[in-house]
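One-letter residues, chain by chain:
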Amino acid sequence: MKTDPKAFPRLPQVRTAEGDTTEGALILEGGSFRGVYTAGVCDVLMEHGIHLQTVVGVSAGTLNGLNVVSRQIGRFARIAILHREDTRYTGWRAFLTDRGVIGFRFILHTAEKIIPYDRTFLFDGTRRLVTVATDIESGEPVYAESGTCSDFFRMVKASASLAFASRIVRFEGKKLLDGGYTVSVPLDWADAHGYRKKVVILTQSIDSRKTAVGDKKKKLFARFYKRYPAFLKAVENVPERYNELRERMQHRADAGEIFVIAPQTELNVSKTEKDTKKLYALYLQGREDAERAIPALTEYLGKRHSGTF
């Protein structure tokens, strides 16, 4: 089922972005359907000819990254919003094909038949695309790069596979789930690989904080993943890592070391949001925040100025 695009008049037609690549890393937070905020930001960056050489994302951040590297303005938003009610995407047919609430077969394969990736740019080797998943046996992050990974789409699936909602992804001898359990924002990867310019797009306010994992949630995870104690420990430590990184990003943005674009307030949109009007509004919010940030971002990439927006 496809929603009538006339209901979303500012949703752009898919088109190819022009412009040269720029040194630096674009770092994309996950958040499932909150990723339409990221899509709004990324579409504006592409419209302004801003194409950072490397894109590193987690979960929905990597799904956005595929469209960024393929330079396709509007593609992520049109798939996520216009096809939100398709049961192959989320619903009973997704469960039949993927044994989970999210239809990765639809996202990574069927959607390409609807709006093909522009393979003139995707995986052509001129830009780096990196994702991260969580190895549930070791409790550690596992990174993969499109140019060297034997099945990058499978790693993208792993990166976005939430516990309970998705099956464990087995790949190259590892058992993998969502990268967000170990890496909420892959800023440290960009630091470790020597990128001086780092643009971070968040799907929650930089001021957001997580509370400690409650006993009820711990018991639920322990029931389903009791064979993976390192993963249970990683889940328990998510709030501490998340909050520390949020604090660090704020300080670094204020110091001009990184450039952050994020919602100003907590979003009234859930990870599994069904209301397409809310998703559309969130996409437009991302566009508006990005347009407002463009002058300062241009200066930052020109080695002059930074900030948080």
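Residues numbered from 1 in each chain as written. Predicted model: local features only at pLDDT ≥ 70, side-chain atom pairs only at ≥ 80, totals over all residues. Heavy atoms only, no water.

Here is a general trend for soluble globular proteins: nonpolar side chains tend to be buried in one another's company. Ranked by internal contacts, the top residues of the largest apolar core, which has 67 residues, are L26, L66, I81 and L297. If we skip the residues at most four places from it in the chain, L26 touches C42, L45, L52, T54, V55, V56, V68, V199 and I201. By size, the runner-up hydrophobic cluster in this structure holds 18 residues, among which are A25, W189, V200 and V260. (Core = buried A, V, L, I, M, F, W, Y, C linked by side-chain atoms within 4.5 Å. Buried < 20%, exposed > 50% of the residue type's maximum accessible area, 1.4 Å probe, protein only. Contact = heavy atoms within 4.5 Å.)

Helix α11 (residues 276-301) packs onto helix α1 (residues 35-47) with a crossing angle of 40° between their chain directions and a minimal axis gap of 7 Å. Compared by their axis directions, α1 and α11 come out oblique. Regarding α1 and α11, the two cross each other, and that crossing is right-handed. Contacts between α1 and α11 pair V36, Y37, A39, G40, V41, D43, V44, L45 and E47 from the former with L279, L282, Y283, Q285, G286, R287, D289, A290, E291, I294 and L297 from the latter. The residue inventory of the contact of α1 with α11, partitioned by class, reads twelve nonpolar, three polar and five charged. (Axes fitted to C-alpha atoms, helices over the stretch in contact; angles between N-to-C directions. Helix = DSSP H or I, 4+ residues; strand = E, 2+ residues; numbered from the N terminus. Parallel < 35°, antiparallel > 145°, perpendicular 65-115°, else oblique. Left-handed = near helix turned anticlockwise from the far one by under 90°. Nonpolar A, V, L, I, M, F, W, Y, C, P; charged D, E, K, R; others polar.)

Right, let's get into the environment of T97. Relative to the elements of secondary structure, T97 occurs in helix α4 (residues 92-98). Polar contacts involving the side chain of T97 include one to the main-chain carbonyl oxygen of R93, which spans 3.1 Å. (Polar contact = N/O pair within 3.5 Å; in protein donor to acceptor, adjacent residues only side chain to side chain.)

This brings us to the packing of helix α5 (residues 104-114) against helix α6 (residues 152-159). Running from N to C, α5 and α6 cross one another at 140°; their axes reach a closest spacing of 9 Å. Accordingly, the angle class assigned to the pair α5 and α6 is oblique. Considering only the axes of α5 and α6, their crossing is right-handed. Counting all contacts with α5, which are made through F104, L108, H109 and E112, the residues of α6 involved are F153, V156 and K157. Looking at the contact of α5 with α6, its residues break down into four nonpolar, one polar and two charged.

A few words now on unusual backbone geometry. Most peptide bonds take the trans configuration, and most residues that are not glycine carry a negative phi. In the Ramachandran plot, S32 falls in the positive-phi region, its phi being about 55° despite a non-glycine side chain. Along the polypeptide, S32 turns up in the loop between β2 (21-28) and α1. Residues other than glycine seldom take positive phi values, yet E172 does so here, at roughly 50°. As for its placement among the helices and strands, E172 is situated in the loop between β7 (169-171) and β8 (174-178).

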